[in-house]
Every structure is written in structure tokens, then in C-alpha cells.
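# Structural characterization, general
The lines below spell out each chain.
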Amino acid sequence: MGILNVEHIVKSFDKTEVLKDICFSMEESEVLSIIGSSGSGKTTLLRCLNFLERPDKGIIKVNDNIVFDGNDKSYLKESVIRKNRMHFGMVFQSFNLFPQYTAIENVMLARRLQAEKLPDFKAKKKEILEEIRSEAEFLIAQMGLTERKDNYPHQLSGGQCQRVAIARALAMKPDILCFDEPTSALDPELTGEVLRVIKELAETRMTMIIVTHEMAFARDVADKVIFMDNGYVLESGTSDEVFNHPKEDRTKQFLGRFNNG
């Protein structure tokens with residue numbers, strides 16, 4: 001479980017500033033929903049947290065430890081980035097499963113590659129792999145996919161693929177689990193099964209950040225909500241404050257269709 005502090009994050013692509021002085025914090029076990037129009041910077045923010053993109057400025061802390069400081073080039077070293085990335089699990093829009101591996105092999109893969117670098121891996125290979133497989137089977141069962149564990153991605157529905165992707169992220173035991181539009185690639189009838197899994201994770205008090213266009217879901221699952229617009233955090237607060245009592249006109253405009261629906 002993780003405590004997160006994001007301080008003055010800035011990110012530009014060429015001359016376009018996509019993130020503008022982003023600041024927010026999360027306590028352990030909180031769920032944060034990030035909402036806003038397409039192009040507002042939501043996905044870029046997640047990618048900066050996971051170091052798929054590197055912020056230009058700012059500080060990121062996990063559990064009060066600095067994992068990125070824009071004024072210290074040592075945080076840009078690939079070895080440091082790989083280590084600090086482990087604090088964040090990432091679930092993408094389009095699953096990103098490896099098609100040549102079964103569901104359970106996809107869940108095991110990162111842990112196995114990590115284990116192979118251990119100095120005692122050869123001597124303890126059987127025990128280590130048995131432990132990794134046992135944990136993967138537990139996560140696959142948690143996702144309701146035990147009977148599908150030996151299927152390849154092309155043999156699974158979109159919702160099942162996304163649940164495998166969630167299990168894969170959990171296998172790395174991250175402090176904070178991040179979702180980037182986890183249902184946007186799914187048919188409406190498959191969206192509910194993935195949202196149910198995320199709600200169940202929230203009930204286990206997993207610290208999570210969820211970028212979503214599912215407004216009812218964002219309202220119901222989140223402890224905190226951030227509304228982003230044009231690269232800024234325009235409004236933040238509890239779910240009730242942002243959805244039911246927004247202060248900014250732009251937030252009211254964005255939520256108008258949802259609240260009137």
C-alpha cells in the first residue's frame with residue numbers, strides 16, 4: 001500500500017506543455033479518480049508516474065521517499081527508473097498482453113524475469129518458480145479466470161484479457177495500482193465485469209489511481225477526484241465535493257451532461 005505525493009510536475013512535448021504544475025497527494029488505501037476531457041493530460045500524468053514518460057520538472061514521493069526529482073539527474077538513470085517504476089502497477093487501455101503466452105504465463109512473466117536475475121536463482125529455481133506460479137494462480141482465481149488460465153489472449157474476451165492484465169499488474173505487488181481508461185477498449189456488455197473487479201480491489205483498500213470516462217463509476221469508487229483541464233488540475237476534492245458541489249464553471253460544464261442524465 002502506498003502514500004503518494006506529487007509536487008509541481010511539468011511535462012512538455014516539443015514546445016507544447018501538456019502538464020502544468022501538477023500537485024496532489026494520496027494517503028494509503030485511497031482511490032483517486034482522474035477525470036477530464038480527452039487531451040487534458042490525464043494519461044500523460046499516469047505515464048509520468050510510471051516513468052513511461054519522464055517529467056521535465058517536479059518531485060514524486062512514494063511512502064515519503066523521493067522516487068523522482070527533476071533537479072537531480074541521477075533519477076534519470078535507467079537502473080534507477082526501473083527500480084522506482086516497481087512502486088506503480090499499470091493497467092493499460094489495450095491490455096498489452098503477450099500473444100504467445102497463456103493467461104497465467106502473462107501473469108508470471110515479469111516476476112519470472114525478475115527472479116532470474118537473483119544470484120541464487122539456479123540453485124533454487126524449482127522452489128522460486130513454484131512460488132511465482134502459486135501466486136499467479138491465486139491472482140487468476142481472484143479475477144475469476146481459473147478455468148481460462150491456460151488460454152491464450154486470442155481465446156479470451158476483451159474483459160477477460162483486461163482481468164489478466166490486472167492480475168499481471170498485481171503480481172508485481174505495487175504500492176499503487178494505476179488504470180488508464182481500463183474499459184475504453186471494451187464493448188459495453190464487458191465493461192461491467194472489469195469495473196466490478198476494480199471495485200472489489202478498492203474494497204481490499206488497494207491504493208489506486210483511475211483515469212476514466214465512466215463518471216458514475218468514478219463517483220462511486222473514488223475517495224478523491226481530480227478534474228483536469230488543459231494540463232492543469234482545475235479542481236480536486238472528495239467525490240461528493242467534485243461531483244455534487246463543483247466550484248469551477250469548467251467542472252460544472254464538463255459534469256453537466258452526467259449530472260443531468
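As the structure is a computational prediction, the values presented were derived from the model and not from experiment. (Residues numbered from 1 in each chain as written. Predicted model: local features only at pLDDT ≥ 70, side-chain atom pairs only at ≥ 80, totals over all residues. Heavy atoms only, no water.)

## Concerning the sheet that holds strand β4 (residues 57–62)
The four strands lie next to each other as β2-β1-β4-β5, forming an open sheet whose pairing is antiparallel. Looking along the sheet, the strands with just one partner apiece sit at the ends: β2 (16–26) and β5 (65–69). Recorded for the sheet is a direction-independent mean angle of 20 degrees between the axes of neighbouring strands. Relative to β5, β4 runs antiparallel, the two sharing four bridges. What sits directly across from lysine 61, in β5, is isoleucine 66. Its contacts with the sheet put helix α1 (residues 42–49) on β1 (4–13), β2 and β4, and the angle it makes with β2 is roughly 65 degrees. (Pairing = 2+ DSSP bridges. Helix = DSSP H or I, 4+ residues; strand = E, 2+ residues; numbered from the N terminus. Axes fitted to C-alpha atoms, helices over the stretch in contact; angles between N-to-C directions. Contact = heavy atoms within 4.5 Å.)

## A short note on the nonpolar core
Among the nonpolar cores identified, the biggest contains 42 residues, and Ile166, Leu177, Phe179 and Met208 are the most heavily contacted of them. Listed by contribution, the elements that provide at least two residues to this core are α3 (103–115), α4 (125–142), α5 (158–171), β7 (176–180), α6 (188–203), β8 (208–211) and α7 (215–221). The next biggest cluster of nonpolar side chains, apart from the first, holds 29 residues, and it includes Leu49, Phe51, Val62 and Tyr75. (Core = buried A, V, L, I, M, F, W, Y, C linked by side-chain atoms within 4.5 Å. Buried < 20%, exposed > 50% of the residue type's maximum accessible area, 1.4 Å probe, protein only.)

## Description of the sheet that holds β8
Note on sheets: strands pair through backbone hydrogen bonds, and any given pair is parallel or antiparallel. The six strands lie next to each other as β6-β7-β8-β3-β9-β10, forming an open sheet whose pairing is mixed. Of all the strands in the sheet, just β6 (88–91) and β10 (232–238) have a single pairing partner and so form its edges. Geometrically, the sheet is characterised by an average inter-axis angle of 20 degrees between neighbouring strands, direction not taken into account. Both strand β9 (residues 224–229) and β10 contribute to a ladder of six bridges, which runs antiparallel. Residue phenylalanine 227 lies in a different strand from β10, and its bridge partner there is glutamate 235. On top of the sheet, α5 reaches β6 and β7; it is set at about 170 degrees to β6, its chief contact.

## Looking at the environment of alanine 169
Among the structural elements, alanine 169 can be located in helix α5. For alanine 169, a relative accessible area of 8% puts it in the buried group. Beyond its immediate stretch of four places on either side in the chain, alanine 169 contacts Gly89, Met90, Val91, Pro174 and Leu177.

## Points about the packing of aromatic side chains
Using the criterion set out here, one finds three aromatic pairs in the structure. Judged by centre distance (5.1 Å) and plane angle (40 degrees), the ring pair of phenylalanine 227 and phenylalanine 254 falls under tilted. Of this pair, phenylalanine 227 sits in strand β9 while phenylalanine 254 sits in helix α9 (residues 249–260), and the two are 27 residues apart along the sequence. There is no split in this pair, since phenylalanine 227 and phenylalanine 254 are both buried. (Phe/Tyr/Trp six-rings, centres within 6.5 Å; stacked < 30°, edge-to-face > 60°.)

## Observations concerning the packing of α5 against α6
The interhelical angle for the contact between α5 and α6, taken along N-to-C directions, is 20 degrees, at an axis separation of 8 Å. Compared by their axis directions, α5 and α6 come out roughly parallel. As for the relative orientation of α5 and α6, their crossing is right-handed in sense. In contact with Gly158, Gly159, Gln160, Gln162, Arg163, Ile166 and Leu170 of α5, α6 contributes Leu190, Glu193, Val194, Val197, Ile198 and Leu201. Class assignment for the residues of the contact of α5 with α6 results in seven nonpolar, four polar and two charged. (Parallel < 35°, antiparallel > 145°, perpendicular 65-115°, else oblique. Left-handed = near helix turned anticlockwise from the far one by under 90°. Nonpolar A, V, L, I, M, F, W, Y, C, P; charged D, E, K, R; others polar.)

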